[in-house]
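# Overview (structure and organization)
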Amino acid sequence: MKTLDALLSECPVFTGLDGETLELIAGCGRNVRFPAEQHLFREGEAADTFYVVRHGVITLEMRVPARRPLVIETLHDGDVVGWSWLVPPYRWAFDARAAEPTAAVALDGACLREKCREDPALGYELLQRFSQVMVERLQAARLRLLDVYGDPRAA
Amino acid sequence: MLPVLTTRRESEDTFTVELDPGDRLAFAPGQFMMLYAFGTGEAAISISGDPAEAARLVHTVRALGPTTQAICAVQPGEVVGVRGPFGRPWPVAEAEGGDVVIVAGGIGLAPLRPALLWILSRRERYERVTLLYGGRSPEQLLYGDELAAWRERDDLDVAVTVDVARSDWRGRVGVVPALVATARFDPAHTVAMVCGPEIMMRATASALSDRGVSAERIHLSLERNMQCAFGRCGHCQLGPTLLCRDGPVFPYAQIAPWMRVWEL
Amino acid sequence: MTSGDYRHLQREGLDALVELLARRGFTVIGPTVRDGAIVLDEISSAAELPIGWTDEQDAGTYRLRRRDDEACFGHVVGPDSLKRFLLPPTLTVFSARRGPDGKITMERPECEPRRMAFIGVRSCDLHAMGILNGVLHSGAAPSVSPDETLIISVQCGEAGGTCFCTSMGTGPRAESGFDLALTEVVEDGEHWFAVEVGTPAGAELLAELPARPATAQESQEAALRPEQAAAQMGRTMETGDLRDLLMGNLEHPRWEEVASRCLSCGNCTMACPTCFCVEIADTSDATGAEAEREQRWASCFTVDHAYLNGGSVRPTTQSRYRQWMTHKLSTWWDQFGTSGCVGCGRCITWCPVGIDITEEVAAIRASDTRGDAS
């Protein structure tokens, strides 16, 4: 049975952090399991807890009246779910739902924010790593916006 | 002119047409034919069939203009004009002895299908083989049954993703290039074959480079205006290359500088 | 064949030559005056040559002017070239018919072997023929109809206003590629031709004409003519590292500058003796029962030349001008192993706004951006 910091170090967003830092972050975390279809969080809720997927699939989606929810993105092993805990107003913009039974590490965002305020170096390190995640998600979102598979004749 | 055997609708605007080649079918994966719709015109279409299957000449065609619309509308018994095959094929022989990553976007899976079938029929000559495939939505994915069969194989890693889906889609939603980061292959011993919209190919080549695959071993299949298909009409030029003769498959190392020049 | 092995042929010998060719069943194509220009057309006698005419050429300028002698070849090249005969402006590739049973029959047009004699061909155009034939026969192209051709070339004694063949290594002296080469000498009341034999066919032709070996002095006079032409060249193009220079300057500001002048009219591509782009056009009649495929001259200056999926890869004049010039001077090397330019000057003369390819090269060379921090 791996320790929490060992599990965290396997996730790309935390890989490479030294043992002490990992322990610090692990101090804000706990193992969680979601059965299929359970929501991790919903649009509009306070973004205090975020997650790192250990094993499973999380769907980020948006509810629309009279239609089935539209999927923004699916997140898989090793992916971070949620960064709204890092930036005000600390509110979730989407729903997140387990598409299948999923094991994850839940991290207390409020607790981590406090630790970053006390240790700016830690804060900078985390912000850099999460910026990377945001950039990758933004690039992907932009690629999808371009609708590259659409009719190429469209202006 | 070859007779039509069958046609099958893959999605709203895409059809797979099978022709009877008579006795003279020989092509390498990645090559294309010039298909002629009587009185309408010719279009360069990649062959999407199994190279080992001599009795059927298969193309998957997307109806984007008068010629491709006419080809998509043919019925069994009618005929389609065929010239070819033309072009430089996928480096399936060069890839032997190492890992192979096949990355397809949209109808880009059509010219890669012959390469995948070739590799699967000589599976022992390759190490790890991966297919990364994506399309706009689940309804636009090609070769549904065959894709499902590929996913069942334990000698083939398959990851499929779509750009948009409703929540009844049980698979991934996200872009194809993002699949490269977590695919299992050894970058130092991998040949990658990529085909799809140019934006997708550039983003994929970038992701493969980030993983450490050298630019000489990443291969793309490009598209330009093609008319004669044998290097004489001047239309398919991209910088110093004639796509019909020097391509359409190119190592990224060779073609990247020309792809980067605006309006070349 | 050594050049400088001259035979002497009196002026009347030229008439005899044209008659001889006609008698042997050749269609004789030579320069002739029509519509204010010297163009290539079928001639039935030497009298139809531009006797006593010369051309004044400059950027965007072409005028005919009367000479003060009766020289037959006292001009340089006009708006057309042998390209028209090697690669016809329109050509039916096939005709097809769909019967009521759906069966399709296809027919290729009958190509009668043509026997053509080209007279008055300049060195630049000889090189252009070589280059164009190299393109037309490259790769797995279907065979061209068999032609029997004879080439009677002319050694230039005067440079035209836009010529730069010396820079391109294509003249003014023709060294090979001809059956016979004529150097016209009109001086001190004398009018004769120095003839060089290039092939056995040429020798055999000459044997039927009243020619005698040239004297040493006559040979000297003849040899001088192309040297005079070379000395008169008004334009030069430095070709040293031209191929890399252009491909290394694809984002040079000069392309935008020339595009502000270029009308994208395509005259240059039509006049150029090596431009070979063609479009393949499929048509059918209103009933859809008869179809035809035609091959027609095309130009990279048209927006739809690079049509792809509803748009053009080169929608601006800037990218299209760059395509033409870089293909002609640079990527032609990659594709066909030679330069595409023979320095004939036609593109300069026939450009309505007088864009000069030698000037464009010089401008880019003068402010080469390679080595700039990018």
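Residues numbered from 1 in each chain as written. Chains lettered and ligands numbered in written order. Predicted model: local features only at pLDDT ≥ 70, side-chain atom pairs only at ≥ 80, totals over all residues.

### Focus on the overall build of chain A
Rules: Strands are runs of DSSP state E lasting at least two residues, helices are runs of H or I lasting at least four, and both sets are numbered from the N terminus onward. In this setup the radius of gyration rests on C-alpha atoms only. A globule is expected at 2.2 Å times the number of residues raised to 0.38. Each residue is classified by how many other C-beta atoms fall within 10 Å of its C-beta atom, where C-beta atoms are placed from the backbone; a count of 20 or more means buried, 12 or fewer means exposed, and values in between mean partly exposed. Residue pairs are scored as contacts if the distance between their C-beta atoms, which are placed from the backbone, is within 7 Å.
Secondary structure summary: chain A contains four helices and eight strands in total. Going residue by residue from the N terminus, the α and β elements of chain A occur as α-α-β-β-β-β-β-β-β-β-α-α. A compact globule built from 155 residues would reach a C-alpha radius of gyration of about 15 Å, and chain A, at 17 Å, matches this within 12%. Each of the three principal axes of chain A carries a C-alpha extent, and together these read 55 × 35 × 30 Å. Taking all 155 residues of chain A together, the buried fraction comes to 31%. Looking at chain A alone, contacts between residues at least 24 apart form 73% of all its contacts between residues at least 6 apart.

### Considering the domain arrangement of chain C
All names here are of chain C. Rule in force here: Just so you know, the domain bounds were taken from an automatic or database domain assignment. Gly is put with the polar residues, along with every residue not named as nonpolar or charged; the nonpolar set is Ala, Val, Leu, Ile, Met, Phe, Trp, Tyr, Cys and Pro, and the charged set is Asp, Glu, Lys and Arg.
Split into domains, chain C comes out as domain 1 (7–90 + 109–232) and domain 2 (242–287 + 295–366). If you average the C-alpha positions of domain 1 and of domain 2, the two centres end up 27 Å apart. In this complex, domain 1 contributes 31 residues to the contact, which on the side of domain 2 involves 25 residues. Per-element accounting of the side of domain 1 that touches domain 2 gives the leading share, nine residues, to helix α3 (residues 123–136). Among the residues making up the side of domain 1 that touches domain 2, the classes are represented as 17 nonpolar, 12 polar and two charged.

### Comments concerning the sheet that holds strand β14 (residues 290–297) of chain C
All names here are of chain C. As a reminder, the rule being used: If DSSP finds at least two bridges between two strands, the strands pair. As a rule, the C-alpha atoms of each element are fitted with a line to give its axis, helices using only the stretch in contact, and angles between N-to-C directions run from 0 to 180 degrees.
Taken together, the four strands give an open sheet; going across it, the order is β7-β6-β14-β13, and neighbouring strands pair in antiparallel fashion. With partners counted over all chains shown, the strands left at the sheet margins are β7 (104–107) and β13 (278–284), one partner each. The mean angle between the axes of side-by-side strands here comes to 20°, regardless of whether they run parallel or antiparallel. Bridge count between β13 and β14: seven bridges; the pairing is antiparallel. What sits directly across from Val278, in β14, is Trp297.

### Some thoughts on the sheet that holds strand β6 (residues 79–86) of chain B
Residues and elements named next belong to chain B. In spatial order, the strands read β4-β3-β6-β1-β2-β5; together these six strands make up an open sheet with antiparallel pairing. Looking at strand neighbours, the two that pair on one side only are β4 (41–46) and β5 (57–62), the edges of this open sheet. Going from strand to strand, the sheet's axes swing by 35° on average, the running direction of each strand aside. In this sheet, β6 lies alongside strand β1 (residues 2–11) in antiparallel orientation, the contact comprising two bridges. Looking at the pairing, Pro3 lines up with Val79 of β6.

### A word on the pairing of strand β3 (residues 49–55) of chain A
Residue and element names in this part refer to chain A. Across the seven residues that make up β3, a large majority, five, are buried. Summarising the sheet, β3 and strand β6 (residues 80–81) pair through two bridges and their orientation is antiparallel. Bridging across to β6, Tyr51 finds its partner in Val81.

### Describing the pairing of strand β11 (residues 190–197) of chain C
Residues and elements named next belong to chain C. Within β11, six of the eight residues are buried, which leaves it mostly tucked inside the rest of the structure. Where strand β1 (residues 7–10) lies against β11, four bridges are found, and the strand directions are antiparallel. In the sheet register, Arg7 faces β11, and the bridge partner there is Val195. Inspection of the sheet shows strand β10 (residues 180–187) paired to β11 by eight bridges, in the antiparallel sense.

### Quick look at helix α5 (residues 200–207) of chain C
All names here are of chain C. Keep this limit in mind: The arc refers to the directions leading from the helix axis to the C-beta atoms.
Within the span of α5, buried status applies to Gly202, Leu205 and Leu206. Down the axis of α5, the buried side of the element spans an arc of 95°, and every buried residue falls inside it. Summarising the geometry of α5, the exposed residues directed more than 90 degrees from the buried face are Pro200, Glu204 and Ala207. Close packing links the buried residues of α5 with β1, α1 (11–23), β10, β11 and β12 (211–213).

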